[in-house]
Amino acid sequence: MLSRKRSTSAESESRRTKPRLCSIDADNASQAMPQTAVKLAYSTVLRMAGPISPVAFQQPSSLLTFSYSPSHELEFTDSALRYYVHPPRNADLRHGYDRWIRRPEERGRIDNLLRAVIRVRTNMDAQDLNGAGWLRDIGIVSWRGVMTKIMTAPYEERDSWELNVMMVDGTLYFEEHLTENKLAEKNNVAPHHRMQMYYGYAFESYCTSSTPAPSKGTAAGTWGGDVNTNVQWCSVVKTKLGDTRIVIGGEVDCVRGHFTGNTDSFVELKTSLIIRGAQDEAHFEKKLLKFYFQSFLLGVPIVVGFRTAAGRLSKVQSFRTMEIPRLVRNKPGAWDPLVCLDWGKRFIELLKSTIVSRPSTLGDPLPVWRVKFTPRSGVTISPLDKPGLDEVVNGEDRVGFLPQWYFDDIRSAERRSSELHPSVNARSAGPNASPEKTSTLPPGWQI
């Protein structure tokens, strides 16, 4: 469960140092860089440039949940919901490997998240809450995986990534960009790495049941069912980073006890090699950064299964999300969540100002922008040219990477909203219209 005590050291946290970040002002970008690119750069998180200003982040709250069926069909039900149970001791994480149904990696489309957004908006309209106004008040719509990449970028030393970005009525939409070569690489995994991937899925099977455990102390002691990664249960939440309201969708492994509709019952399941020495400990502490933000963005506590090299479950440990940073604090090379939040805020601010202030060279009112991240360097932001745009559309019925049906739907919703709510300000409608309490940390949380 998440800690509900406010930090007594928030003021001291704010005096931490931050990486030397430098954004190029959009109006002056042409003097410093090629006309089509803007860059947000940093040197290294080991070089500091003064005190860091804490960034407000709002505790995620649930909007809705949905499921994917065994054939990966979207259902607005909880049919894929699983319940946490204690896994059996010394469980064999290789069990069922030959029966694993693995869904192939695909383009990072956000279509089903958009269907969820439409459902939220439609439900609000049914209650006369002006769903179109609510959507205009949202700054970002994204899958959790994309937001995790953005937030952990200051400490990423190996993997680069690319995003496609569009802005519609002031809302930014993020889509991970995967080339055909990158997709092929993700789908052609070496047998050893494939087995290590499977360990995580097998752990989930041992830790979950289709019905709640009779009591907290009851261990399942059995295999929870063969792995089919088509099946997923997902949550869509709203949160806020700085002044930007964000809708995030992501998979949730299971819930503890009975599902109440709140994120505090969610559980994120992870596996890691047992810690045998200082090197293993340092490696695990580095992994905790992504564990932390994956959990933090949806408000999900974590359960980690430590395994042997041979795939045997050694022990299980629960981590309260807000306590994770204290496990690495003041250690050599330790990561700092405040650095990541500061970076995320700067990234979003530059992205907004760049897109708003620089019209498309294609004459398209809704251009697609490409964000490229390079470890130890930063991100570049540039509009796509015609060949790049064609690659994104991929011959499908789309406006940029947004499906045509979604574009048509929000335009229709805007027309209905203007007729029903003619006096409502375009950026102040919906459930987020009233002032929301924010703090330098999620309300009642501590880092």
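Residues numbered from 1 in each chain as written. Predicted model: local features only at pLDDT ≥ 70, side-chain atom pairs only at ≥ 80, totals over all residues. Heavy atoms only, no water.

A few words on the overall build of the protein. A tally of helices and strands in the protein yields 12 helices and 21 strands. Taken across its 447 residues, the protein has 52% of its residues classed as buried. Partitioning the contacts of the protein with sequence separation of at least 6, the portion at a separation of at least 24 is 78%. Working note: accessible area of the protein is about 20300 Å², and carbon and sulfur atoms make up 49% of it. (Helix = DSSP H or I, 4+ residues; strand = E, 2+ residues; numbered from the N terminus. Buried < 20%, exposed > 50% of the residue type's maximum accessible area, 1.4 Å probe, protein only. Contact = heavy atoms within 4.5 Å. Areas by Shrake-Rupley, 256 points an atom, 1.4 Å probe, with all protein chains shown as cover.)

We now examine the packing of aromatic side chains. Two descriptors summarise a pair of aromatic rings, namely the distance from one centre to the other and the angle between the planes of the rings. Using the criterion set out here, one finds 22 aromatic pairs in the structure. Relative to Phe76, the ring of Phe66 has its centre 6.0 Å away and its plane inclined at 65°; by these criteria the two rings are edge-to-face. Here Phe76 lies in the loop between strand E6 (74–75) and strand E7 (83–84) and Phe66 lies in strand E5 (residues 57–68), a separation of 10 residues in the sequence. The class of Phe66 is buried, set by a relative accessible area of 0%. Residue class for Phe76 comes out partly exposed when judged on its relative accessible area of 27%. (Phe/Tyr/Trp six-rings, centres within 6.5 Å; stacked < 30°, edge-to-face > 60°.)

Turning to the pairing of strand E8 (residues 140–143), a few remarks are in order. Alternating positions in E8 separate into two faces, Ile140 and Ser142 on one and Val141 and Trp143 on the other, with burial throughout. Relative to strand E13 (residues 244–251), E8 runs parallel, the two sharing 4 bridges. Each residue of the ladder has a partner; that of Trp143, found in E13, is Gly249. (Pairing = 2+ DSSP bridges.)

It is worth spelling out the pattern of salt bridges at this point. Under the defined criterion, the tally for this structure stands at 30 salt bridges. Asp98 serves as the salt-bridge partner of Arg99, at 3.7 Å between the closest nitrogen and oxygen. Close ionic contact of Asp137 with Arg245 constitutes a salt bridge, the shortest N to O distance being 3.2 Å. On the criterion of sequence distance, the pair formed by Asp137 in the loop between helix H4 (131–136) and E8 and Arg245 in strand E13 is long-range, its members being 108 residues apart. Overall, the relative accessible area of 8% leaves Asp137 in the buried class. A single salt-bridge network, built from bridges that share partners, covers Arg109, Asp111, Glu175, Glu396 and Arg398. (Salt bridge = Lys/Arg side-chain N within 4 Å of Asp/Glu carboxyl O.)

Of all hydrophobic cores here, the largest spans 62 residues; its most connected members are Ile150, Val165, Phe174, Leu341, Phe347, Leu351 and Val371. The dominant element in this core, judged by the number of residues it contributes, is helix H10 (residues 337–357), at 10 residues. If you look at the next biggest cluster of nonpolar residues, it comprises 34 residues, including Val117, Met166, Cys234 and Phe401. (Core = buried A, V, L, I, M, F, W, Y, C linked by side-chain atoms within 4.5 Å.)

Next up on the list: the confidence of the model for the protein. Per-residue confidence for the protein gives a mean pLDDT of 83; residues scoring 70 or more make up 81%. Low pLDDT, under 50, characterises residues 1–35; the stretch is placed with 94 contacts to residues that sit more than four places away or in other chains. (pLDDT = per-residue confidence, 0-100.)

Turning next to unusual backbone geometry. Even without being a glycine, Asp128 presents a positive backbone phi close to 60°. Structurally, Asp128 is set in the loop between helix H3 (111–126) and H4. On the basis of relative accessibility, which here comes to 57%, the residue Asp128 falls in the exposed class. Not every positive phi belongs to a glycine, and Asn330 is a case in point at roughly 70°. Residue position: Asn330 is located in the loop between helix H9 (324–328) and H10. Residue class for Asn330 comes out exposed when judged on its relative accessible area of 78%.

Helix H12 (residues 404–420) packs onto H3 with a crossing angle of 20° between their chain directions and a minimal axis gap of 11 Å. Relative to H12, the element H3 lies roughly parallel. Two packed elements cross with a definite hand, and for H3 against H12 that hand is left-handed. Each of Asp111, Leu114, Arg115, Val117, Ile118 and Arg121 in H3 lies in contact with H12, whose residues at this interface are Trp405, Tyr406, Asp409, Ile410, Ala413 and Arg416. Its residues assigned to classes, the contact of H3 with H12 comprises 7 nonpolar, no polar and 5 charged. (Axes fitted to C-alpha atoms, helices over the stretch in contact; angles between N-to-C directions. Parallel < 35°, antiparallel > 145°, perpendicular 65-115°, else oblique. Left-handed = near helix turned anticlockwise from the far one by under 90°. Nonpolar A, V, L, I, M, F, W, Y, C, P; charged D, E, K, R; others polar.)

Below, the discussion takes up empty space enclosed by the protein. With the rule as written, the count across this model stands at 3 cavities of 30 Å³ or more. Reported here for the largest cavity is a volume of approximately 70 Å³. Along the walls of the largest cavity sit Arg121, Ala132, Leu135, Arg136, Val168, Asp169, Thr171, Tyr173, Ile410, Ala413 and Glu414, which together make up its complete lining. Class assignment for the residues of the lining of the largest cavity results in 6 nonpolar, 1 polar and 4 charged. (1 Å grid on protein atoms, 1.4 Å probe; cavity = no way out; pocket = protein on both sides within 12 Å on 5 of 7 lines; lining within 4 Å. Points joined across faces, edges and corners; volume = space filled by probe spheres on them.)

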